[in-house]
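Descriptive structure summary
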Amino acid sequence: MVNLTKFSSIFIANWKLNGNSLFLKDYYEKLKVNSNNCTIICSPSIYLKSLKGNNINLFCGAQDVSSYKEGAYTGELSASMLKDSNIDFCLVGHSERRQYFAEMNDNVNIKSSNLIEENIIPVICIGETLEQKEKKLTEEILSTQIKASVPSSADHQNTLIAYEPVWAIGTGLTPTLDEINQVHELIKNFDTKFRNFKVLYGGSVKSANSKEINDLSHVDGCLIGGASLKVDEFNIIIS
Ligand code: PEP
């Protein structure tokens, strides 16, 4: 399992359903990984193996994993198959999985547990919708999500949390810096178990705001969607 403690920050690119072989070749030629940071590229599964390079601070992450270990589940990829392909990280419970593929906290919990068993670090995504934020339900929603999604085997060395307000994903909107820092502090204090977890922020991170977000005292890195598709932009973020 990757030793998370040796990195000052963690940056995850989530390519979602984007990219092809040409894109990947060009991206990889231009990518400049910073040696103090951990950089993880979550490409579509079919490109996972081809992305693995020689840089020791660059890792591959999957965008999802099956909750099943093996069997008659057409189209699925198991945690052990990801491990077999040298994958070190996997997003779990991204809001798009929750919204479009009916992923629930209990699936996220099982998937994360299976990943930890295979020495793969789950990146468990949580976040409130705009409606929930406006009703001042953020704390309650996040507390429920984290307690139900994080398996009992999780600890700060084998699991990452990503706080991604649903209303900030792909919209160009972000919470204020104070709000981000407060929510991250809140997450780390939901339970003593979470105190030392690394918590990443995701939602409209770009080169223009990444430094001020990543410099916040309770932010341990960023999860980047749209801006990670432009390698020059991503290079600035991870520098
Ligand atoms: C994401 O997909 O996790 C994400 C944060 O997207 P974006 O950076 O485009 O808001």
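Summarised in this report is the structure supplied together with it. (Residues numbered from 1 in each chain as written. Predicted model: local features only at pLDDT ≥ 70, side-chain atom pairs only at ≥ 80, totals over all residues. Heavy atoms only, no water.)

**Focus: the overall build of the protein chain**
Counting its regular elements, the protein chain contains ten helices and eight strands. What you see for the protein chain is a C-alpha radius of gyration of 16 Å, in line with the 18 Å of a compact globule of 239 residues. Principal axes of the C-alpha set define a box for the protein chain whose edges measure 45 × 45 × 35 Å. A sequence separation of at least 24 residues applies to 70% of the contacts in the protein chain between residues at least 6 apart. (Helix = DSSP H or I, 4+ residues; strand = E, 2+ residues; numbered from the N terminus. Rg over C-alpha atoms; globule rule 2.2 N^0.38 Å. Contact = heavy atoms within 4.5 Å.)

**Brief notes about the nonpolar core**
Burial of nonpolar side chains together is a common tendency in soluble globular proteins. With 51 residues, the main nonpolar core has L82, I161 and I187 as its most contacted residues. At four residues, the largest contribution of residues to this core is made by helix α10 (residues 231–238). Aside from chain neighbours lying at most four places away, what touches I187 is I126, L142, I146, I161, Y163, F194 and V199. V2, L4, V123 and C125 belong to the second-largest nonpolar core, a separate cluster that totals 18 residues. (Core = buried A, V, L, I, M, F, W, Y, C linked by side-chain atoms within 4.5 Å. Buried < 20%, exposed > 50% of the residue type's maximum accessible area, 1.4 Å probe, protein only.)

**Remarks on the site of the ligand**
The local shell around the ligand holds 14 residues, among which K16, E164, G170, S204 and G225 are the closest. A distance of 2.8 Å is found between an oxygen atom of the ligand and a backbone nitrogen or oxygen belonging to G226. When the ligand sits alone it has 290 Å² of accessible area, and the protein chains cover 95% of it. Taken together, the residues of the shell around the ligand break down into four nonpolar, eight polar and two charged. (Near = heavy atom within 4 Å. Polar contact = N/O pair within 3.5 Å; in protein donor to acceptor, adjacent residues only side chain to side chain. Areas by Shrake-Rupley, 256 points an atom, 1.4 Å probe, with all protein chains shown as cover. Nonpolar A, V, L, I, M, F, W, Y, C, P; charged D, E, K, R; others polar.)

Worth remembering: the numbers are spatial, not functional.
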